[in-house]
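Results of the structural survey
Letter by letter, the chains look like this.
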Amino acid sequence: MPVSPDGFYGIGGTSTPQNFAYPAILQMIVQTARPAQKLRGMFLDVPANGKFALTVAEQDGNKDAEVDELAEAQIIPIDHTPYKTPDTIKLIEIGQGHRITQREMLFAQIPIIPQKLADQGMKMGNKMDRHVSAVVFAALNSGTNSVGCSGTSFTSGGETTVANTIGDYDVNDAIANIETQNFVPDKLYVNPIGHSFLKRLPNYSALYYSGTPGFRTGVVETVQGLQVIVSKNVTTGYGWVIASGTNPTDLGQYSPFGMFYHEGEIMTAISQQPEARAYYVYSNAYIRAHVTNELAGAELDYT
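Here is a short report on the structure shown in this document. Note that the coordinates shown come from a computational prediction; the quantities given were computed from them, not determined experimentally. (Residues numbered from 1 in each chain as written. Predicted model: local features only at pLDDT ≥ 70, side-chain atom pairs only at ≥ 80, totals over all residues. Heavy atoms only, no water.)

Glancing now at the side chain of Asn 284. Mapped onto the fold, Asn 284 is located in strand β14 (residues 278–291). A polar side-chain atom of Asn 284 sits 3.1 Å from a polar atom in the side chain of Glu 93. (Helix = DSSP H or I, 4+ residues; strand = E, 2+ residues; numbered from the N terminus. Polar contact = N/O pair within 3.5 Å; in protein donor to acceptor, adjacent residues only side chain to side chain.)

Tracing the backbone shows Ala 176 in helix α4 (residues 168–180). Put simply, Ala 176 and Asn 145 are 31 residues apart on the chain and 9.1 Å apart in space, counted from C-alpha to C-alpha.

With 55 residues, the main nonpolar core has Met 42, Phe 43, Ile 166, Leu 188, Leu 198, Trp 240 and Phe 257 as its most contacted residues. Other than its neighbours up to four places away in sequence, Phe 43 contacts Val 132, Val 136, Phe 257, Gly 258, Met 259, Phe 260, Ala 289, His 290 and Val 291. Counting seven residues, the second largest nonpolar core, distinct from the first, contains Ala 48, Val 56, Ile 89 and Leu 91. (Core = buried A, V, L, I, M, F, W, Y, C linked by side-chain atoms within 4.5 Å. Buried < 20%, exposed > 50% of the residue type's maximum accessible area, 1.4 Å probe, protein only. Contact = heavy atoms within 4.5 Å.)

This part takes up the sheet that holds strand β10 (residues 226–230). With mixed pairing, six strands are arranged side by side in an open sheet as β5-β15-β11-β8-β10-β9. What marks the edges here is a single partner per strand, and that holds for β5 (147–148) and β9 (222–223). Packed onto the sheet, helix α3 (residues 112–140) meets β11 (238–242) and β15 (297–301) and runs at close to 85° relative to β11. Where α4 meets the sheet, its contacts fall on β5, β9, β10, β11 and β15, and the angle it forms with β15 comes to roughly 155°. (Pairing = 2+ DSSP bridges. Axes fitted to C-alpha atoms, helices over the stretch in contact; angles between N-to-C directions.)

So this is what it looks like as C-alpha cells:
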C-alpha cells in the first residue's frame, strides 16, 4: 500500500528499512498538523529568525488621531507616537515521538504506520491551537471589549431571549466595541456549543444571512459579515470576535490582533533502535502566540 514516492512502501509484508525515508515522514506529519490549527489564523505568522527570546514593541497610539489644522506660515508639527514598555516573550518547545516496530513494518495488514504519522501531526497541530486558545482567553477575559451575552435576538414578532446563549444583539455589541476602537472585525470564533447557538439565530436559514441556505448545509458561514470558525479549542462558555488585520479597509486602522511566532515549522527526526528492532519518529516545534492589541478583539461570555 504506497504512502509516498519517498516513503513507506507496501505496508503489509514488503517494507524494508531502506523504504523508511525521511521526506515522507516530514510530509505526513506537517500536512496533517496544518488543518488541525484553526485558531492560529487569527494571528499573523511571524518567523522568529533564530531568536528564542523576542522583544515585541507596541506603539501607544490613539484611535482618534488626526493631523493638525495649520495657520498661515505655521511650522508643521512633527508627530511622535510613543511606544509602550516592550513585551519580552520566549518561544516554547512542543513535541512528541512514537515507535514503529519491525513487526509493524513487515506484517501489518492495515495502514498502522501512516495512521501513527497522521495522529502525531494532528496532535502537534492541536497543541498549537490549544496554546493559542489559552493566550487569547488570558488577553480578552473580562477585558475592555467583553460582552456578557444576553441571548437576545430580533424576530418578526419582536425580541426574543434565550438565556446563556449567543444572540444577535450580543454579536452586534461585540462588533460595535471593536469598531469603536477604529478596527474592523472579520472573524467569529466559537466552539461546537457556541456554533449550535448560532444555528438557533432567527435568520439562520436565510440566504442573505448565512451566505448559503444554512438549513441545507448545517453550517453557519457568516454572521453579521463575520467569517464563522468552529473549533473545539475555543474556551468553554466563550466566543471571540476578532479583527485579524487581514482585511484591508479605508475605514479602520491596521493593527493586527496578535502574532504567531515560530522558528521554522514542525521538525522531524528518526532514531533507529536495533536492540528493540524499531524506529523512533520524533517531531517538535518552537512556537509562541502573543496578543499585541487586545482592543482588536472582543469576548462573548455566555457562561
